[in-house]
Amino acid sequence: MFLIALSPILWLIIALSVLKIAAYKACPIALVIALTAGIFVNDMTIPHAVQATLEGVALACWPILLVIIAAIFTYNLTLQTKAMDTIKKMLTSVSNDRRVLILLIGWGFGGFLEGMAGFGTAVAIPAGMLAGIGVNPVLAAMVCLIANSVPTAYGSIGIPIVTLGNVTGIDPIQLATYTALQLIPLTVLCPFLMVIVASHSLKGLKGMVLMCLAAGVGFSATELAIAMFMGPELAVVGGSIVAMAAIIACAKLFPVNDPEHALPPHDDEAPITAGTAVRAWMPFILIFIFLLMTSKLIPAIHDPLNLIKTSVLIYDGPGGEPYTFTWLATPGVLILLAAFIGGTIQGAGFGSMVGCLRRTAWNLRFTIITIITVIATAKVMGYAGMTHEIAETAVAATGTMYPFIAAFIGSIGTFITGSATSSCVLFGKLQTDSAMAIGASESVQAWIAASNPLGACAGKMDLAKKAKA
């Protein structure tokens, strides 16, 4: 029974890691395997199998895919309006030291892009910027892959942890808080690791220790504070903003002038005015404001908006609960609104913005297929009792030592799929079922569940190591 219950995950491991089949092709097959096992082995009725699949589709579309499409659309719009060029000029004017710019662009701005958009933008864009100012392209990609590991848990406006909350039924604020606490050592360490890799030696830390410490501590402290009081949506965004501010402050107050790490001089360009700078950042500023205003910190706005919702009982079998569509107080809607307002301020016409949104959705079509089928697979496995079977076997093998392997399980999910969200979907319920099997309290269950996105970050580091090789 255990191998049958595990069969969809085993297929994904073989298909994605060994056979190198594209995720959008492998994941629908995993769904078919889960449905077959659920119906013919676990006595799941066909109507319940269909309902479980439909509930997975609903969760995938609202809010997960809505957030992803809206976030990537916002980023694409800044490319279309040339606002990203202005942002690049602002960042590269801070210092002429390679290490400083690697921290500022790779760690600070990369974390910001991961929090706002995710899905590769946080590596591709900072790495491209660094290569454009004279950093070796391979080195630029390496340090940006390292930097992208830690913010992954809160990527795309916190969607991995929001999804984990939906899958496990645990409060996303509690999950976000516990994840931030577990991530503190990695978050503080990461800037030091980036500088060492960029310099090919521990000697590269000379003159950079204070800046690395400020970048790591500023990021982690802000991330924890926002996670505790607001939830996962803005945790990495806020942390990256503070990290960038700390790096800039250190660069100005304690300038680093090491000829060994100096970049080639570039032509002076006209200074960027405050108005131009604000317009360039406007979509991101509005996203931050809208999410802040609709958070639990401002109940006068948060509470009425959260009443605009519809609850539908999609799965009516054992354990089924009504699925709630929150129509306005959901990050995807707020991001789209901010993007259209910000794009208008930047001079983009409504038709061109709609075209950009259409292209974004089309370019994400394979991601859409992957996420829908992965979440549907997880729902079928959960309702068919397959996830519970895996959890019981895992606990029987590890006993009370299970919490020590929980993060490792999360890392496997990300290493295989390349996505923290997919890892949380596949293994989130497994984590809580295993925690309940060892008699853990609700708080410990949440802590173990939070170790899944922690492991996802480690899995991203493994991917960076594999890319380096």
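In case you missed it, the structure is sitting above this.
Residues numbered from 1 in each chain as written. Predicted model: local features only at pLDDT ≥ 70, side-chain atom pairs only at ≥ 80, totals over all residues. Heavy atoms only, no water.

## Observations concerning the overall build of the protein chain
Part 1: Counting its regular elements, the protein chain contains 20 helices and two strands.
Part 2: Since a compact globule built from 469 residues should have a radius of gyration of about 23 Å, the 22 Å found for the protein chain is in line with a globular shape.
Part 3: Overall, the protein chain is about 70 × 50 × 40 Å in size when its C-alpha atoms are taken along their principal axes.
Part 4: For the protein chain, the share of sequence-separated contacts (at least 6 apart) that also reach a separation of at least 24 residues comes to 76%.
Part 5: Accessible area for the protein chain stands at about 19000 Å²; split by element, carbon and sulfur atoms hold 69% of it.
Part 6: In the protein chain, which carries 22 positive and 21 negative side-chain charges, the distance between the mean positions of the two groups comes to 11 Å. (Helix = DSSP H or I, 4+ residues; strand = E, 2+ residues; numbered from the N terminus. Rg over C-alpha atoms; globule rule 2.2 N^0.38 Å. Contact = heavy atoms within 4.5 Å. Areas by Shrake-Rupley, 256 points an atom, 1.4 Å probe, with all protein chains shown as cover. Lys, Arg positive; Asp, Glu negative; His and termini not counted. Charge placed at Lys NZ, Arg CZ, Asp CG, Glu CD.)

## Regarding the state of the cysteines
Part 1: Per the counting criterion, the structure on display carries zero disulfides.
Part 2: Cysteine Cys 212 remains unbridged, with the sulfur of Cys 250 as its closest cysteine sulfur at 9.4 Å. (Disulfide = S-S within 2.5 Å.)

## What about helix H6 (residues 121–132)?
It helps to recall that an α-helix has 3.6 residues per turn; residues three or four apart then point in one direction.
Part 1: Spanning twelve residues, H6 covers 16 Å between terminal C-alpha atoms, matching the ideal 16 Å at 1.5 Å per step.
Part 2: If you check which residues of H6 are buried, you get Thr 121, Ala 122, Val 123, Ile 125, Pro 126, Ala 127, Met 129 and Leu 130.
Part 3: Of the surrounding elements, those touching the buried residues of H6 are helix H3 (46–80), helix H4 (83–92), helix H5 (98–116) and helix H7 (137–149).
Part 4: Looking at the residues trailing H6, positive phi occurs at Gly 134, about 110°. (Expected span 1.5 Å × (residues − 1). Buried < 20%, exposed > 50% of the residue type's maximum accessible area, 1.4 Å probe, protein only.)

## Some words on the environment of Thr 432
Part 1: Secondary-structure assignment places Thr 432 in helix H19 (residues 420–437).
Part 2: Sequence spacing of Thr 432 and Gln 445 is 13 residues, and the spatial spacing of their C-alpha atoms is 5.6 Å.
Part 3: If we skip the residues at most four places from it in the chain, Thr 432 touches Thr 168, Ile 170, Gln 445 and Ala 449.
Part 4: Within the structure, the side chain of Thr 432 is placed 3.0 Å from the backbone oxygen of Lys 429, a separation counted as a polar contact. (Polar contact = N/O pair within 3.5 Å; in protein donor to acceptor, adjacent residues only side chain to side chain.)

## Overview of the packing of aromatic side chains
Part 1: Scanning the model with the defined rule gives 14 aromatic pairs in all.
Part 2: Here Trp 107 and Phe 219 contribute two aromatic rings whose centre-to-centre distance is 4.8 Å and whose plane-to-plane angle is 40°, an arrangement assigned as tilted. Highlighted residues: Trp 107 in helix H5 and Phe 219 in helix H10 (residues 209–229), separated in sequence by 112 residues. Summarising the burial analysis for this pair, Trp 107 and Phe 219 share the class buried.
Part 3: Here the aromatic cluster, defined as three or more aromatic residues joined through ring pairs, consists of Trp 62, Tyr 323, Phe 325 and Trp 327.
Part 4: Across from the ring centre of Trp 362, 4.1 Å away, lies the NZ or CZ of Arg 365, which sits over that ring.
Part 5: Over the face of the ring belonging to Phe 366 we find Arg 365, whose NZ or CZ atom lies 4.6 Å from the ring centre. (Phe/Tyr/Trp six-rings, centres within 6.5 Å; stacked < 30°, edge-to-face > 60°. Lys NZ or Arg CZ within 6 Å of the ring centre and 35° of its normal.)

## Remarks on unusual backbone geometry
Trans is the prevailing form of peptide bonds, just as negative phi is the prevailing case for residues other than glycine.
Part 1: Residue Pro 63 is reached from Trp 62 by a cis peptide bond, and omega for that bond is 20°.
Part 2: Position of Pro 63 among the secondary structure elements: in helix H3.
Part 3: Positive phi outside glycine occurs at His 200, with the angle close to 60°.
Part 4: For His 200, the location among the structural elements is in the loop between helix H9 (172–199) and H10.
Part 5: Residue classification places His 200 among the exposed residues on the basis of a relative accessible area of 67%.

## Things to note about the environment of Phe 366
Part 1: Along the polypeptide, Phe 366 turns up in helix H16 (residues 365–383).
Part 2: The sequence separation of Phe 366 and Gly 275 amounts to 91 residues, and the corresponding C-alpha distance is 38 Å.

## Comments concerning the nonpolar core
Part 1: Ranked by internal contacts, the top residues of the largest apolar core, which has 148 residues, are Leu 103, Trp 107, Phe 109, Leu 130, Val 143, Tyr 154 and Met 211.
Part 2: Those residues in contact with Val 143, other than ones at most four positions away along the chain, are Ile 102, Leu 130, Met 194, Val 197 and Ala 198.
Part 3: Counting residues in hydrophobic clusters, the runner-up holds seven residues, among them Leu 77, Phe 340, Ala 348 and Met 353. (Core = buried A, V, L, I, M, F, W, Y, C linked by side-chain atoms within 4.5 Å.)

## Some thoughts on H5
Part 1: Taking 1.5 Å of rise per residue, 19 residues should cover 27 Å, and H5 covers 25 Å from first to last C-alpha, within 8% of that figure.
Part 2: Of all the bends in H5, the largest measures some 30° and sits at Gly 110.
Part 3: Among the 19 residues that make up H5, 19 are buried, leaving the element largely enclosed by the rest of the structure.
Part 4: Structurally, the start of H5 carries an N-cap: the backbone nitrogen of Arg 99 is 2.8 Å from a side-chain oxygen of Asp 97.
Part 5: Positive backbone phi, approximately 70°, marks Gly 118, located one or two places after H5. (Bend = angle between axes of the 7 residues up to and from the residue.)

## Overview of the packing of H3 against H16
Part 1: For the pair H3 and H16, the least separation of the axes is 8 Å and the interaxial angle reads 140°. Comparing the axis directions of H3 and H16 gives the class oblique. The two elements H3 and H16 cross, and the hand of that crossing is right-handed.
Part 2: Here the contact of H3 with H16 is composed, by residue class, of 17 nonpolar, two polar and two charged. (Axes fitted to C-alpha atoms, helices over the stretch in contact; angles between N-to-C directions. Parallel < 35°, antiparallel > 145°, perpendicular 65-115°, else oblique. Left-handed = near helix turned anticlockwise from the far one by under 90°. Nonpolar A, V, L, I, M, F, W, Y, C, P; charged D, E, K, R; others polar.)

## A short note on the pattern of salt bridges
Part 1: Counted under the stated rule, the structure contains three salt bridges.
Part 2: A salt bridge links Asp 97 to Arg 99, with the nearest nitrogen and oxygen atoms 3.1 Å apart.
Part 3: The salt bridge involving Asp 433 is made with Lys 429; its shortest N-O contact spans 2.9 Å. Of this pair, Asp 433 and Lys 429 both sit in helix H19, separated by four residues, roughly a single helical turn. (Salt bridge = Lys/Arg side-chain N within 4 Å of Asp/Glu carboxyl O.)

## Some thoughts on the side chain of Thr 377
Part 1: Topologically, Thr 377 is positioned in helix H16.
Part 2: For Thr 377, a relative accessible area of 2% gives the class buried.
Part 3: At 3.3 Å, the side chain of Thr 377 and the backbone nitrogen of Leu 31 are in polar contact.

## Considering a nonpolar patch on the surface
Part 1: Together, Met 228, Phe 229, Val 278, Ile 285, Ile 289, Leu 292, Met 293, Leu 297 and Ile 298 line one region of the surface with nonpolar side chains, adding up to about 720 Å² of accessible area.
Part 2: Listed by contribution, the elements that provide at least two residues to the nonpolar patch are H10 and helix H12 (274–293).
Part 3: If you tally residues by element for the nonpolar patch, the top one is H12, at five residues.
Part 4: With respect to the secondary-structure elements, Met 293 resides in helix H12. (Patch = residues over 30% accessible without salt bridge, like charges linked within 9 Å, V, L, I, M, F, W, Y side chains within 5 Å.)

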